[in-house]
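The lines below spell out each chain.
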Amino acid sequence: MREERQRALKLVKKILDFAETIHPEDSEKAVEAVRLAMRIAQKTRLRLPTYLRRRFCRKCGTPWTGPSTFSVRVRGNRATHVVIRCKKCGHTRRFYALKKRRKTPKPTKLT
Ligand SMILES: [Zn+2]
């Protein structure tokens, strides 16, 4: 089962690479390729590593190849986070920009 997942991961990577290279010429085919990659990941119950998950839009399947396909904003109104917006369907995804860390221990209450 593990080997199968490894194989699936390789395949998904390959398909995403393909989708990215073909996207400028044939965006429909690229979307189809991304959908296929997502389906493979689902079927094999594979959780895609972060660097792969941030390469395409989950909603419409457009591979994020460059500034014409997505925009990035850093927002800090609450916790600092990065907003990636798909320019095709308008879907937004948020990623926290800062790693959670708690080096300083909580102050203890003085009663
Ligand atoms: Zn989209």
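Parameters and conventions
Residues numbered from 1 in each chain as written. Predicted model: local features only at pLDDT ≥ 70, side-chain atom pairs only at ≥ 80, totals over all residues. UniProt positions renumbered as here; feature names shortened; annotations may be inferred. Helix = DSSP H or I, 4+ residues; strand = E, 2+ residues; numbered from the N terminus. Buried ≥ 20, exposed ≤ 12 C-beta atoms within 10 Å, placed from the backbone. Contact = placed C-beta atoms within 7 Å.

The chain has the name Ribonuclease P protein component 4 in an unreviewed UniProt entry, where Caldiarchaeum subterraneum is given as its organism. Per UniProt, the chain has the following entry under Catalytic activity (unreviewed entry): "Endonucleolytic cleavage of RNA, removing 5'-extranucleotides from tRNA precursor."

## Side note on the overall build of the chain
When you go through the chain residue by residue, the secondary structure sums to 3 helices and 3 strands. When the helices and strands of the chain are listed from N to C terminus, the series reads α-α-α-β-β-β. Here the chain holds 111 residues, and 15% of them are scored as buried. Considering only contacts within the chain whose residues lie at least 6 apart along the sequence, 45% involve residues at least 24 apart.

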